[in-house]
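Structure assessment
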Amino acid sequence: MSISSAARPSFTSVAIFFIALISFTRSYAYPILTDVEEASTKCFNFNVPDDDDAHMVFIALPDDVLDEVEDWFTMQMHEMTRRGSANFMKSLPQISKEIQAKIADDEYNGRSNVYLKLTVPKRPPLRYQMFQWYGPVIVMNVVQASQRGQQKHNNKYVQPPGGYSVCFENKNTSEQGVRVLFDVVLMSDEGQDAELQNRIIKKEHLTPLEMNFQEGIKAANTILNEMKYMEQREARMRHTAESTNAKIRLFSYVSVIVLLGVTWIQRTYLKSYFKKKKLM
């Protein structure tokens, strides 16, 4: 039975709808930023879907890093973890002289005494190493690394119970906090992705209206990326504001204590002076 020409637009519309769903579910997010105080450990848990894999990227920054430097490394990591980017899962580009001038010489590529620990329950650690300041740590194919030496069950590897644990250990005992940028990139079956591309994403088969629809999807993804970036930046600004307010509150308490102390000293001195002059 042949399909009439009137039914073809509806079939194309359904295909475009599924393309839109795939594009929105694969929108790229900006890296996560977390603070780790001195002599403390912070952990995160991640689950990887069956038959998928994941890459992880980490960068350690000092707690007092300038906003311009932090923004530069955030954008560069975003390019490293964005599929389709020229720098996808590659090393950082050469740091510009402007950014490098804002980094202390004793910190750049120096030992941070902050450690990355990537573990799987009931298995040996997958990665345990110390960060170098501003130096990226890239962990490729986390699932494949965790399956080495494991036996298959029904021709499949068993996913680790409880997922993957990422911990940041700050072993500095002085007031040396650290900020860690990290991102997790989920990788689906590349063969299925290529087949899907060959089947439905063909620009030469799309009408101008459908091409405009795809451009709208790309613009929506860009807006989502910007919104997620602004959310991360707002969280950093809130952290800075709370820290500043705490310092101002402490300064106010100290000022009141100093004022009361000066008042008591003046009162004691005047009382002693009047007694000496026999005016009291």
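Residues numbered from 1 in each chain as written. Predicted model: local features only at pLDDT ≥ 70, side-chain atom pairs only at ≥ 80, totals over all residues. Heavy atoms only, no water.

The protein has the name GOLD domain-containing protein in an unreviewed UniProt entry, where Discostella pseudostelligera is given as its organism. As recorded by UniProt, the Subcellular location (unreviewed entry) comment attached to the protein reads in full: "Membrane". Annotation of the protein in UniProt includes, under Sequence similarities (unreviewed entry), the sentence "Belongs to the EMP24/GP25L family." (UniProt positions renumbered as here; feature names shortened; annotations may be inferred.)

The sheet built from 4 strands is open, its strands ordered β2-β7-β4-β5 with antiparallel pairing. Every other strand in the sheet has two partners, leaving β2 (40-46) and β5 (127-132) as the edge strands with one partner each. Neighbour-to-neighbour, the strand axes of the sheet open up by a mean angle of 20°, direction not taken into account. Bridging between strand β4 (residues 111-119) and β5 involves 5 bridges; their strand directions are antiparallel. Its bridge partner lying in β5, R111 is registered against Q132. (Pairing = 2+ DSSP bridges. Helix = DSSP H or I, 4+ residues; strand = E, 2+ residues; numbered from the N terminus. Axes fitted to C-alpha atoms, helices over the stretch in contact; angles between N-to-C directions.)

Turning to the packing of helix α2 (residues 67-80) against helix α6 (residues 208-276), a few remarks are in order. Running from N to C, α2 and α6 point in directions that differ by 150°, and their axes come no closer than 13 Å. As far as their axial angle goes, α6 and α2 are roughly antiparallel. As for how α2 packs across α6, the hand of that crossing is right-handed. Packed against α2, whose contacting residues are D67, E70, D71 and T74, the element α6 presents Y229, R233, R236 and M237 at the interface. (Parallel < 35°, antiparallel > 145°, perpendicular 65-115°, else oblique. Left-handed = near helix turned anticlockwise from the far one by under 90°. Contact = heavy atoms within 4.5 Å.)

Across its 14 residues, α2 extends 20 Å between first and last C-alpha, which sits within 8% of the 20 Å expected from 1.5 Å per residue. In terms of residue burial, α2 counts as a mostly covered element, since 10 of its 14 residues are buried. Those residues of α2 that fall on the buried side of the exposure criterion are V69, E70, D71, W72, F73, T74, Q76, M77, H78 and M80. Its buried side turned inward, α2 meets β1 (32-36), β3 (53-62), α3 (97-100), β6 (137-139), β8 (178-187) and α6. (Expected span 1.5 Å × (residues − 1). Buried < 20%, exposed > 50% of the residue type's maximum accessible area, 1.4 Å probe, protein only.)

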